[in-house]
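Examining the three-dimensional arrangement
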Amino acid sequence: MRSVKPWHHITCQQLFHLYRCSQLMLKKPLTRSLRISISISTLICLSACCTPDWQRPPHDRRFQYSPPPKTHAKPSLQFAYEWSDIVQQTTARPVANLLSPQHWIDKLNHGPPALDINDFGEVVDSTWFTNRIGRGNMSITEVVLGPPPSSGPVSGPLKVTSAKILGASPGLRVEDSLGQQFVVKFDPPAYPALASGAEVITTKILHAAGYNVPENTVHHFSLDDVYVSEETSSPSHSELQSILQLANPTRAGEVRALFSRIIPGQAVGSFKYRGTREDDPNDSIPHERRRSLRGYRWFCAWTNNTDTRASNTLDVFRTASGEAKQGHLVHYLIDFGNALGSLGTKAKYASDGYDPLWSWSVVGEVFFSLGLRYRYWLPIQRSRFRSIGFFESEVFVPERWSPSISNPAFAASTPLDAFWAASIMAEFNQAMIKAIVDSAAYPSQAAAEYVSKVLWARRNKILAMAFKRVSPLSHFKVEDNTLQFTDLEVRERLRRYVLYQSVFKKVGDKARFLGISARPAINLRDINHSPLNNESSPFATISIRRSELQNAKSWGPPVHVYLRLIDGSYTVVGLKRGID
């Protein structure tokens, strides 16, 4: 993990700087011979620092854990100021990027690399992200259950402890007979199941992917089951009845609502998508350098979650076992009422997800074309279901998807970040997506089928986009002296036939061409019995390129698979992916 830059992650510029510093320190009164000896020793040490990460243990651990977080005192409350965030992302940041040479250098180099990853390019488990479906061991039942305890409120009376009366979206905070606490959100009166369905579906997708999200479930309850706590001054009985009457109760007096379980711990505000939190000693990686947050862009594109402001995040302080005041922060994504075709209090506009609320490039395009430039999203049609609104896959182009307000982590997303997100999406099959949508309990089965179909089509478009720039080879392992891997594009039937070209190279030796194969497997027997195979040089690299059968002269970007010889057989210890 690269949360704290270890001593062997040193750039050439830093190496030269350290060497020059050693030269300055080694001037008189030391003797010339002693200075030369110390200088040589310094260079040897600095050269050792350049040893590639994949040659260092631990090996053969595609998914790893970050070090346990340091315990610390509770941080102060950090607010997300929406207007300042909007001004910064729509005006200040674009102007700063326009004038920054480093910004344009980063764009030419596909941006600075992510720092929260291991040598396989995977995000390590931490208080930000926990690999779940990517490990390949989640069943449909586990995916549908979502965040634990996944039980929702028990049937029976619901005690209202507080309420949000004012504003466009009223809500309640309730407690069931077991003492479990929930925030209750209602759908817009004219759009039943619109917001609650979007929240449930998005929550379960993100949880399975690995993000920290609250437990959101849809439940129906009777108006007679709700009462105001005697200790609660607001709402009054009449105010409560007004809120419930706006929630579209049925003739039998039942109300559909989203129950969002209160996240355990002490809420200490939001986190930003740029920089770090100064009062969190564990927060050492700039947030725009986290692959988990960069890749979140593509999950938002998949579910059309357009509201990704800092106000829709939550930092929770949890005390350590046996401690009263010491603990650490856990970072959550919350409030997905703006996903799918929902805008929270109403249906989305046609442009939501296609054009941001404010973009200088769009303004300039409209201005200089005198408004005659045809926007590519104009053919979008609203679905025939009021519980869905504008949510489609025909016009959707992943590269052009945009949140309402620019997100700095999304703007820093690279093709490698997109590939990481797509490789996780590839683990969601049609049965899983259908089961997730069914858990949203749409009032119409036809509406549920429509959402499932659109989600599947958007997923496939994102996969095709990501696999175009980065070779979709994954799940590398060595079994029976054979390097085996999975071609995600072929497995997902996005492409039928592919050829694989491989080159073998021992550290310090010349490369050796291994041939071309139509199978995603490379025989290592000849390599293991070759004269090059010896424990004095245990590391090797196999570089693999792929090509379509009908165009075998055009090979895509490489995947460099790093191997280590252990007890006479090779083990995969790292990967490096090229970008087309």
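Cut-offs applied
- Residues numbered from 1 in each chain as written.
- Predicted model: local features only at pLDDT ≥ 70, side-chain atom pairs only at ≥ 80, totals over all residues.
- Heavy atoms only, no water.
- Helix = DSSP H or I, 4+ residues; strand = E, 2+ residues; numbered from the N terminus.
- Expected span 1.5 Å × (residues − 1).
- Buried < 20%, exposed > 50% of the residue type's maximum accessible area, 1.4 Å probe, protein only.
- Core = buried A, V, L, I, M, F, W, Y, C linked by side-chain atoms within 4.5 Å.
- Contact = heavy atoms within 4.5 Å.
- pLDDT = per-residue confidence, 0-100.
- Salt bridge = Lys/Arg side-chain N within 4 Å of Asp/Glu carboxyl O.
- Phe/Tyr/Trp six-rings, centres within 6.5 Å; stacked < 30°, edge-to-face > 60°.
- Pairing = 2+ DSSP bridges.
- Axes fitted to C-alpha atoms, helices over the stretch in contact; angles between N-to-C directions.
- Parallel < 35°, antiparallel > 145°, perpendicular 65-115°, else oblique.
- Left-handed = near helix turned anticlockwise from the far one by under 90°.
- Nonpolar A, V, L, I, M, F, W, Y, C, P; charged D, E, K, R; others polar.
- Patch = residues over 30% accessible without salt bridge, like charges linked within 9 Å, V, L, I, M, F, W, Y side chains within 5 Å.
- Areas by Shrake-Rupley, 256 points an atom, 1.4 Å probe, with all protein chains shown as cover.
- Lys, Arg positive; Asp, Glu negative; His and termini not counted.

A word on helix H6 (residues 194-209)
Counted at 1.5 Å a residue, the expected span for H6 with its 16 residues is 22 Å, and the 23 Å between its end C-alpha atoms agrees. Across the 16 residues that make up H6, a large majority, 16, are buried. Gly-210 sits one or two residues past H6 and shows a positive phi near 140°.

Focus on the nonpolar core
The nonpolar side chains of a soluble globular protein tend to be buried, and buried together. Counting residues in hydrophobic clusters, the biggest one holds 67 residues, and the most contacted among them are Ile-201, Tyr-211, Tyr-296, Phe-299, Phe-428 and Tyr-442. Looking at this core element by element, the count peaks at 10 residues for helix H13 (residues 445-469). When near neighbours in sequence (up to four residues on either side) are disregarded, Tyr-211 contacts Phe-129, Arg-132, Leu-206, Ser-292, Gly-295, Tyr-296, Phe-299, Leu-333 and Trp-420. Residues Phe-120, Phe-485, Ile-542 and Tyr-570 belong to the second largest nonpolar core, which totals 21 residues.

Quick notes on the confidence of the model for the protein chain
With 84% of its residues at a pLDDT of 70 or more, the protein chain has an overall mean of 83. pLDDT under 50 marks residues 1-30. Its contacts with residues more than four places away, or in other chains, come to 43 contacts. Residue range residues 42-49 is modelled with pLDDT below 50. Its contacts to residues more than four positions away, or to other chains, number 10 contacts.

Structural notes on the pattern of salt bridges
Applying the stated rule across the entire model yields 21 salt bridges. For Lys-185, the salt bridge is made with Asp-335, and the minimal N-O distance between the two is 2.8 Å. In this pair, Lys-185 is assigned in strand S4 (residues 181-185) and Asp-335 in the loop between strand S10 (326-333) and helix H9 (360-368), connecting sequence segments 150 residues apart. You can call Lys-185 partly exposed: its relative accessible area is 24%. In this structure, the salt-bridge partner of Arg-491 is Glu-427, at a minimum N-O distance of 3.5 Å. In this pair, Arg-491 is assigned in helix H14 (residues 488-491) and Glu-427 in the loop between helix H11 (415-425) and helix H12 (430-438), connecting sequence segments 64 residues apart. Residues joined by salt bridges that share partners form a network here, namely Asp-487, Glu-489, Arg-495, Arg-546 and Glu-548.

Describing the packing of aromatic side chains
This model, assessed by the stated rule, comprises 17 aromatic pairs. With 6.4 Å between their ring centres and 70° between their planes, Phe-504 and Tyr-570 make a pair best called edge-to-face. Within this pair, whereas Phe-504 is found in strand S13 (residues 498-506), its partner Tyr-570 is found in strand S18 (residues 569-577), the two being separated by 66 residues in sequence. By relative accessible area, which is 3% here, Tyr-570 ends up buried.

As for the pairing of strand S7 (residues 254-261)
Counting buried positions along S7 gives 7 out of 8 residues, so the element sits mostly inside the fold. In the sheet, S4 pairs with S7 via 4 bridges, with the strands oriented antiparallel. Note that in S7 the partner of Phe-182 across the bridge is Arg-261. One ladder, built from 7 bridges, connects strand S5 (residues 216-222) with S7; its direction is antiparallel. Within the sheet, the bridge partner assigned to Ser-222 lies in S7 and is Glu-254.

Structural notes on the sheet that holds strand S12 (residues 482-487)
Either a parallel or an antiparallel arrangement is found when strands of a sheet pair, and the pairing is made through backbone hydrogen bonds. One open sheet holds the 3 strands; their spatial order is S11-S12-S15, and the pairing between them is antiparallel. Taken across any chain shown, the strands that pair with only one partner, and hence form the sheet edges, are strand S11 (473-479) and strand S15 (521-523). Taking the axes of each pair of neighbouring strands and ignoring which way they run, one obtains an average angle of 15° across the sheet. As defined by bridge partners, S11 adjoins S12 across 5 bridges and the pair is classed as antiparallel. Note that in S12 the partner of Val-478 across the bridge is Leu-483.

Structural notes on helix H8 (residues 291-303)
End to end, H8 covers 19 Å across 13 residues, agreeing with the expected 18 Å (1.5 Å per residue, within 8%). With 13 of its 13 residues buried, H8 lies for the most part within the structure. The positive-phi residue at the C-terminal boundary of H8 is Asn-304, with phi of around 55°.

Examining the packing of H11 against H13
Taken N-terminus to C-terminus, the directions of H11 and H13 make an angle of 135°; their axes are 9 Å apart at the nearest point. Between H11 and H13, the interaxial angle falls into the category oblique. Helix-helix and strand crossings are classified by hand; for H11 and H13 the assignment is left-handed. Across the interface between the two elements, Pro-415, Ala-418, Phe-419, Ala-422 and Met-425 of H11 pack against Arg-459, Ile-462, Leu-463, Met-465, Ala-466, Phe-467 and Arg-469 of H13. Residues belonging to the contact of H11 with H13 are distributed by class as follows: 10 nonpolar, no polar and 2 charged.

Quick word on a nonpolar patch on the surface
Taken together, Leu-357, Trp-358, Trp-360 and Val-363 make up a surface patch of nonpolar side chains, about 430 Å² in accessible area. Secondary-structure assignment places Trp-360 in helix H9. Trp-360 sits in the partly exposed class, given a relative accessible area of 47%.

Structural notes on the side chain of Arg-290
Relative to the helices and strands, Arg-290 is located in the loop between strand S8 (266-267) and H8. Although buried, Arg-290 forms no salt bridge, and the nearest oppositely charged side chain, Asp-116, lies 4.1 Å from it. The contacts of Arg-290, once residues within four sequence positions are left out, are Asp-116, Trp-128, Asp-283 and Ile-285.

So, the environment of Leu-416
As for its position among the elements, Leu-416 is in helix H11. Taking the C-alpha atoms as reference points, Leu-416 and Ile-579, 163 residues apart in sequence, are found 7.6 Å from one another. Filtering out sequence-adjacent residues up to four positions away, Leu-416 remains in contact with Arg-291, Val-470, Arg-577 and Ile-579.

Describing the sheet that holds S8
Spatially, the 4 strands line up as an open sheet ordered S1-S10-S9-S8, and their pairing is antiparallel. Of all strands in the sheet, those bounded by a partner on one side alone are strand S1 (72-73) and S8. Looking at chain direction, strand S9 (residues 313-319) and S10 are connected through 7 bridges and run antiparallel. Within the sheet, the bridge partner assigned to Thr-313 lies in S10 and is Leu-333.

What about the environment of Ile-579?
The residue Ile-579 is located in the segment after S18 in this model. Overall, the relative accessible area of 26% leaves Ile-579 in the partly exposed class. With 108 residues separating them in the primary sequence, Ile-579 and Ser-471 have C-alpha atoms 7.9 Å apart. Among all residues touching Ile-579, those that are not within four sequence positions of it are His-110, Pro-415, Leu-416, Arg-469, Val-470 and Pro-557.

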